[in-house]
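# Tertiary structure, described
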Amino acid sequence: MARHSSAMPADFSWIRAEPHGIHLAPADCWIDPARPVGRALVTHGHGDHARGGHGETIATPATLAIMELRYQTREGAAPVEYGQTIRLPGGVAATFIPAGHVLGSAQILLEHAGERVIVTGDYKRRADPTCPPFEVTPCDVFITEATFGLPVFCHPPVAQEVAKLTKALSDHPDRCVLVGAYALGKAQRLIAELRAAGHHAPIYLHGAMERMCRLYEDFGVGLGELRLVADHSKDDLRSTIVVCPPGALNDRWSRRLPDPITAMASGWMRVRQRARQRNVELPLVISDHADWGELTRTIEEVNPAETWITHGREEALLRWCQLHQRRARALALVGYEDEDD
Amino acid sequence: MEEFAALVDALVYTRSRNEKLRLIAEYLRTTPDPDRGWALAAMTDGLSFPAVKASTIRNLMMERVDPVLWVLSRDFVGDTAETASLLWPEPQADVTPPPSVTEAVDALASMTRVSVMAELPKLLDRLDATGRYALIKLSTGGMRIGVSARLAKTAFAQAFGVAVEDVEEYWHGLQPPYAPLFAWAADGAPPPDSGDVPLFRPFMLAHPLDDVVVDLEDYVAEWKWDGIRVQLVHAGGETRLYSRTGDDISGSFPEMAEALTFPAVLDGELLVRGSHQGGAAGGAASFNALQQRLGRKTVSARMLSEYPAFVRLYDVLIIEGEDLRELPWHARRARLEALMPRLPSERFDISAVVEARHFEHLAEIRSGARDEAIEGLMLKRRDSPYVAGRRTGLWYKWKRDPLLVDCVLMYAQRGNGKRSSFYSDYTFGCWDGDPDTGAELLPVGKAYFGFTDEELKQIDRYVRNHTVNRFGPVRETDRSLVFEVAFDSVHASKRHKSGLAMRFPRISRIRWDKPAEEADRVDALRALIRD
Ligand SMILES: [Zn+2]
Ligand SMILES: [Zn+2]
């Protein structure tokens, strides 16, 4: 599969990184564009990748459902199943491959004139009960994210973090544990991991979480008994786990809870200062992105001729590629943000 | 080491003081000697390993990690110890189990500048990231994990149900790992022997007088001077000067350390001689002059002659081995007065008793006192022994009425702990000219107390509804709310844009009624400077 030696011209002029997204010229089609376009391929439902208002949106059924929930429109939705290849104008073929990031997330394999390019969107390599795992797929150009692209990021086994959470719960029967978790993906994965660890008690939700959890259940991801905080008294909430969006952690909303232990589930929690900035007492290092080891291992396994880096800490990953004699460059894309992840 | 590392980690994330106390006490109760003693030393800044420096850690990392990746990581994480703990390569081969705290301390103590490069990695290889973080923090000194020495000692007292004053008293004669201290507190052994060591004795403290009226038959009045409360101890041929917190500040005041030459423990106010106030009463300069002398490691001859220190004595605890603390105040006062001829007069005087016919008369004297070196009055029960800490009914402090100024709220910041969902820390300013002709507000101080819980909620709501800008945890308001701010004094300061710094500012009233344009000007505040 090694293509370093082949005399392939480093052409790829049909795929270009523009400031507002990746553009496929022959198909006049964009991947994860930051503004409305005629035709978009969308890797997954997070706000920095999926935006509303496109003429046609090609994505997995779950991603389309998530976008519909967020933008209240299904206009131009064109579903594609994992593994299914679709033909775009101008002789471009696109295949959606599981990325293991969140429900519906996909890498997109693009083929044109014998050249293969993969856009990962966001991805991770750990098992996740809420979505199928990342599949390593050979290609010439691997366009990867680098959200946790620093060697300090090494996500511990998720079971270890879930155990910290359940221990805090049993150590403080009069309090509740309030976990800040990104409303799409992290929250549902955390709940599913808790269930897998044998925590079957009702889990309480901030109102903003409810519809996304229901959507997950509609797609066959069981989350057990969920209740809304708003329907319950302070006393009901003692000795329970409450899940809220990270933004609500230090908000007035949390005053209704019984002396909450503030936790947050995020890869950033690996760094103490990040946790302290958010007043987090119980940091849970749980991420839906690849950590440094996974990013670099994935590049080795995919073994592309070139690696393009979209967003995150691209400098360090570029440096790693350079140290390992791999061709790489950073794409200057705008509009991608650090998710609270 | 794992238990200590877990403790350090938990302390980093814990905001609540009570929870910190609980965590440390639990550790001290459940950890064997001498590990817990070394851990206690680490938390109270009692350990030093000269062979290990921040640069040592950096150099070790350079041998193991690409320099570019190190710099990028260090910049992102913001802390060398933490970055190194996260980047340290996990050892490939099977390694020996983690060292105990004692083993780690012994190893660190035996390292030299040369051997450290080979020996420290052996310790780091035996630990996980949390353990490495704790080890690096411990070995480079200054844990900076939000635990003061006082907090650690309070936790110690709490762990074993002993009085923190006793812990303070015995503490100073001991070296890590404090075996006699643990034997006494945990196992009921006799208290550690102070012997011929200049030990700190915990201070007797006062309650605010508030609404209490006392009978001057039972209470005596003294001035409360605006310096810093100190204890002078001479024992075993050595004199030490201790601050309120028991910190040894002898190094900053060598002239005082030389001035007491016989065994005694004296309690008084450290002041600097000044010409412009106090006059014949033995002029003391303002607190600002004293501040020139605080916290200095070396003291120049110029400092000594420009800001000469002296102590105005309040009390005597021990003279030549005789413990006077059980005696009533009047008996100790008599002993103190008898002692004065033995002390050099340029370094010591005695705090005068304020003569008043009755309480109202005293109130009159107090409100007439304009000397800047006077903070107010002390009222001491004439028959009271000298007891550590704050005991109800024995000593009262009756501070002079504070100065007041109307300021405008400019910025509000989220508080800590229970207050973390409230905007509870306020920066306020005064006008630098006439607000009607385009003057601006200059920040003059910060305060985070003085209001009730109910008022806090009101201000919090106000801040949220009047935000014009946000920077992280800070909100800038539209500058429309006036606070009446109380403070003890104001001093010139080059560090602040307004050129002044307030002492003990607190919110005395919220002036919902007052338009911001009618708040005070910086000039009004400047006129109160008495340096
Ligand atoms: Zn994402
Ligand atoms: Zn992303």
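So, how was this worked out
Residues numbered from 1 in each chain as written. Chains lettered and ligands numbered in written order. Predicted model: local features only at pLDDT ≥ 70, side-chain atom pairs only at ≥ 80, totals over all residues. Heavy atoms only, no water. Helix = DSSP H or I, 4+ residues; strand = E, 2+ residues; numbered from the N terminus. Buried < 20%, exposed > 50% of the residue type's maximum accessible area, 1.4 Å probe, protein only. Contact = heavy atoms within 4.5 Å. Arc of directions from axis to C-beta. Axes fitted to C-alpha atoms, helices over the stretch in contact; angles between N-to-C directions. Parallel < 35°, antiparallel > 145°, perpendicular 65-115°, else oblique. Salt bridge = Lys/Arg side-chain N within 4 Å of Asp/Glu carboxyl O. Left-handed = near helix turned anticlockwise from the far one by under 90°. Nonpolar A, V, L, I, M, F, W, Y, C, P; charged D, E, K, R; others polar. Buried area = accessible area lost by both parts, 1.4 Å probe. Polar contact = N/O pair within 3.5 Å; in protein donor to acceptor, adjacent residues only side chain to side chain. Domains from an automatic or database assignment. Phe/Tyr/Trp six-rings, centres within 6.5 Å; stacked < 30°, edge-to-face > 60°.

Residue and element names in this part refer to chain B. Along the polypeptide, Ser85 turns up in helix H6 (residues 80-87). According to the relative accessible area criterion, Ser85 is buried, its value standing at 0%. Not counting residues within four places of it along the chain, the set of residues in contact with Ser85 comprises Ala129, Arg132, Tyr133 and Ile136.

Residue and element names in this part refer to chain B. All of the buried residues along helix H12 (residues 179-187) are Leu181, Phe182, Trp184 and Ala185. Along H12, the residues classed as buried sweep out an arc of 165 degrees about the axis, all on the same side. Elements in contact with the buried residues of H12: helix H2 (17-30), helix H3 (35-43), helix H10 (149-160) and helix H11 (164-171).

All names here are of chain B. Contact geometry of helix H1 (residues 2-13) with helix H9 (residues 129-140) gives a least axis separation of 8 Å together with a crossing angle of 85 degrees. By the angle class used here, H1 and H9 are roughly perpendicular. Residues Phe4, Ala5, Val8, Asp9 and Val12 of H1 lie in contact with H9, whose contacting residues are Thr130, Gly131, Tyr133, Ala134 and Leu138.

This paragraph deals with the pattern of salt bridges. All names here are of chain A. Summed over the entire model, instances satisfying the criterion amount to 55 salt bridges over all chains. Note that Glu301 is salt-bridged to Arg297, the shortest N-O span being 3.1 Å. You can see Glu301 and its partner Arg297 sitting in helix H6 (residues 292-302), four residues apart, about one turn around the helix. A relative accessible area of 37% places Glu301 in the partly exposed class. Within this structure, Lys124, Asp128, Arg189 and Asp288 form a network of salt bridges that share partners.

Helix packing for two helices is described by the angle between their axes and how far apart those axes are. All names here are of chain B. Across the interface, H10 lies against H11 with an axial gap of 9 Å and an inter-helix angle of 115 degrees. The handedness of the crossing between H10 and H11 is right-handed. Residues Arg150, Lys153, Thr154, Phe156 and Ala157 of H10 touch H11, and the partners they reach there are Val164, Val167, Glu168 and Trp171. Looking at side-chain class alone, the contact of H10 with H11 contains five nonpolar, one polar and three charged residues.

Each partner contributes residues to the interface: chain B has 26 residues there, and chain A has 28 residues. Of the roughly 2600 Å² buried at the junction of chain B and chain A (both faces included), carbon and sulfur atoms supply 56%. On the chain B side of the contact with chain A, Tyr13, Arg15 and Phe76 of chain B bury the most area, a combined 29% of that side's loss. Across the chain B-chain A interface, the total number found is four salt bridges. A salt bridge links Arg272 of chain A to Asp9 of chain B, with the shortest nitrogen-to-oxygen separation between them at 2.7 Å. Run the count over chain B and chain A and you get nine residue pairs in polar contact (both at pLDDT 80 or more). Contributions of two or more residues to the side of chain B that touches chain A are made by H1, H2, helix H5 (67-77), H6, H9 and helix H18 (453-465) of chain B. Per element, the largest residue contribution to the side of chain B that touches chain A is six residues, and it comes from H5 of chain B. For the side of chain B that touches chain A, the per-class residue count stands at 11 nonpolar, six polar and nine charged.

For the rest of this paragraph, the subject is the domain arrangement of chain A. Residue and element names in this part refer to chain A. What the domain assignment lists for chain A is domain 1 (15-152 + 289-330) and domain 2 (158-284). For domain 1 and domain 2, the distance between their C-alpha centroids amounts to 29 Å. The interface of domain 1 with domain 2 comprises 21 residues on the first partner and 16 residues on the second. Of the roughly 1600 Å² buried where domain 1 meets domain 2, counting both sides, 72% is carbon and sulfur surface. The largest contributions to the domain 1 side of the interface with domain 2 come from Leu69, Leu103 and Thr130, which together make up 31% of the buried area.

Residue and element names in this part refer to chain A. One pass over the full model with this rule turns up 21 aromatic pairs over all chains. Between the aromatic rings of Phe148 and Trp268, the centroid separation amounts to 4.3 Å while the plane-to-plane angle is 45 degrees, which identifies the pairing as tilted. With Phe148 in the loop between strand E11 (141-146) and helix H2 (158-171) and Trp268 in the loop between strand E16 (261-265) and helix H5 (272-277), this pair connects stretches of sequence that are 120 residues apart. Here Phe148 matches Trp268 in class, with each residue buried. Seen from their ring centres, Phe153 and Trp268 are 5.5 Å apart, and the 80 degrees between their planes marks the pair as edge-to-face. With Phe153 in the loop between E11 and H2 and Trp268 in the loop between E16 and H5, this residue pair connects regions lying 115 residues apart in the sequence. Trp268 matches Phe153 in its accessibility class, with the two residues each being buried.

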